[in-house]
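Topology and contacts: notes
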Amino acid sequence: QVQLVESGGGLVQPGGSLRVSCAVSGSIFGVDSMGWYRQAPGNQRELVASITSGGSTNYLDSVKGRFAISRDNAKNTVYLQMNSLKPEDTAVYYCSAKQTIMGINYNYWGQGTQVTVSS
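A few points on the structure. (Residues numbered from 1 in each chain as written. Predicted model: local features only at pLDDT ≥ 70, side-chain atom pairs only at ≥ 80, totals over all residues. Heavy atoms only, no water.)

1. Some words on the overall build of the protein
For clarity, the threshold we go by: Under the scheme used here, helices are H or I runs from DSSP no shorter than 4 residues and strands are E runs no shorter than 2 residues, and both carry numbers assigned from the N terminus. Values of the radius of gyration come from C-alpha atoms, whereas the globule rule sets the reference at 2.2 Å times the count of residues to the power 0.38. The buried label goes to any residue with under 20% of its type's maximum accessible area, the exposed label to any with over 50%, and the partly exposed label to all in between, with areas taken from a 1.4 Å probe on protein chains only. Only the protein chains shown count as covering a residue, and every accessible area follows the Shrake-Rupley method with a 1.4 Å probe. When charges are counted, Lys and Arg contribute as positive and Asp and Glu as negative, whereas His and the chain ends are disregarded. To locate a charge, take atom NZ for lysine, CZ for arginine, CG for aspartate or CD for glutamate.
Along the backbone of the protein there are zero helices and 11 strands. Traced from its N-terminal end to its C-terminal end, the protein shows the element sequence β-β-β-β-β-β-β-β-β-β-β. At 14 Å, the protein has a C-alpha radius of gyration in line with the 14 Å of a compact globule built from 119 residues. Expressed as lengths along the three principal axes of its C-alpha atoms, the size of the protein is roughly 50 × 25 × 25 Å. The burial tally for the protein puts 38% of its 119 residues in the buried class. On the protein, roughly 6300 Å² of surface is accessible, and the fraction owed to carbon and sulfur atoms is 49%. The protein carries 9 positive and 7 negative side-chain charges, and their two centres are separated by 3 Å.

2. Thoughts on the pairing of strand 4 (residues 31-39)
The cut-off we apply is this: Whether two strands pair depends on DSSP finding at least two bridges between them.
Pairing of strand 4 with strand 9 (residues 91-101), which is carried by seven bridges, proceeds in the antiparallel orientation. The residue of strand 9 that forms the bridge with Trp36 is Cys95. Where strand 4 and strand 5 (residues 46-51) come together, five bridges link them in antiparallel fashion. Paired with Arg38 across the bridge in strand 5 is Glu46.

3. Here we look at the packing of aromatic side chains
As a reminder of what qualifies: In summary, the pairing rule links any two rings of Phe, Tyr or Trp, Trp by its six-membered ring, whose centres are within 6.5 Å, and it sorts them by plane angle into stacked for under 30 degrees, edge-to-face for over 60 and tilted for everything else. Only lysine NZ and arginine CZ atoms are considered, and such an atom sits over a ring when it is within 6 Å of the ring centre and within 35 degrees of the ring normal.
Across all of its chains, the model carries one aromatic pair by this definition. Each ring, one from Tyr37 and one from Trp109, has its centre 4.8 Å from the other, and the planes form 65 degrees; the classification is edge-to-face. Highlighted residues: Tyr37 in strand 4 and Trp109 in strand 10 (residues 104-109), separated in sequence by 72 residues. Sitting above the plane of the Trp109 ring, Arg45 keeps its charged end 4.7 Å from the centroid.

4. Considering the state of the cysteines
Rule in force here: Whenever a pair of cysteine sulfur atoms sits within 2.5 Å, that pair is classed as a disulfide.
In the structure shown here, the tally under the stated rule is one disulfide. Through a disulfide, Cys22 is tied to Cys95; the S-S separation comes to 2.1 Å. Disulfide Cys22-Cys95: torsion about the S-S bond near -80 degrees, hence left-handed. Of the two residues, Cys22 is situated in strand 3 (residues 18-26) and Cys95 in strand 9; the sequence distance between them amounts to 73 residues.

5. Quick word on unusual backbone geometry
The residue Ser84 is not glycine, and still its phi comes out positive at about 50 degrees. Relative to the elements of secondary structure, Ser84 occurs in the loop between strand 8 (77-82) and strand 9. In this structure, Met102 is a non-glycine residue whose phi angle is positive, near 50 degrees. Inspection of the secondary structure puts Met102 in the loop between strand 9 and strand 10. Looking at Met102, the relative accessible area reads 82%, which means it is exposed.

What follows is the structure in structure tokens.
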């Protein structure tokens, strides 16, 4: 089992910055890809950014150039730095992890952290 705990959400004004963190614990052997998703009221959950164990990243088009995902393997933590925030970035942000053991994929989710962009 893998446990994910997000932190760092909150209220920020448009144009501001925020960093959310995801602490990974438990049986982390085989965890390769990590990601951040978000879900706004009435919307489907969408992938915001992902990072592989090798450091390759992928971003939602609307956040490219504004958000940056990174991972600190020594601390078992994944970060999402969010800059130039817009009201449409308001959502609950979820950390996710994909673990592969003997060819079987397991997906884990954190509890989510609220990010609100408003003046």
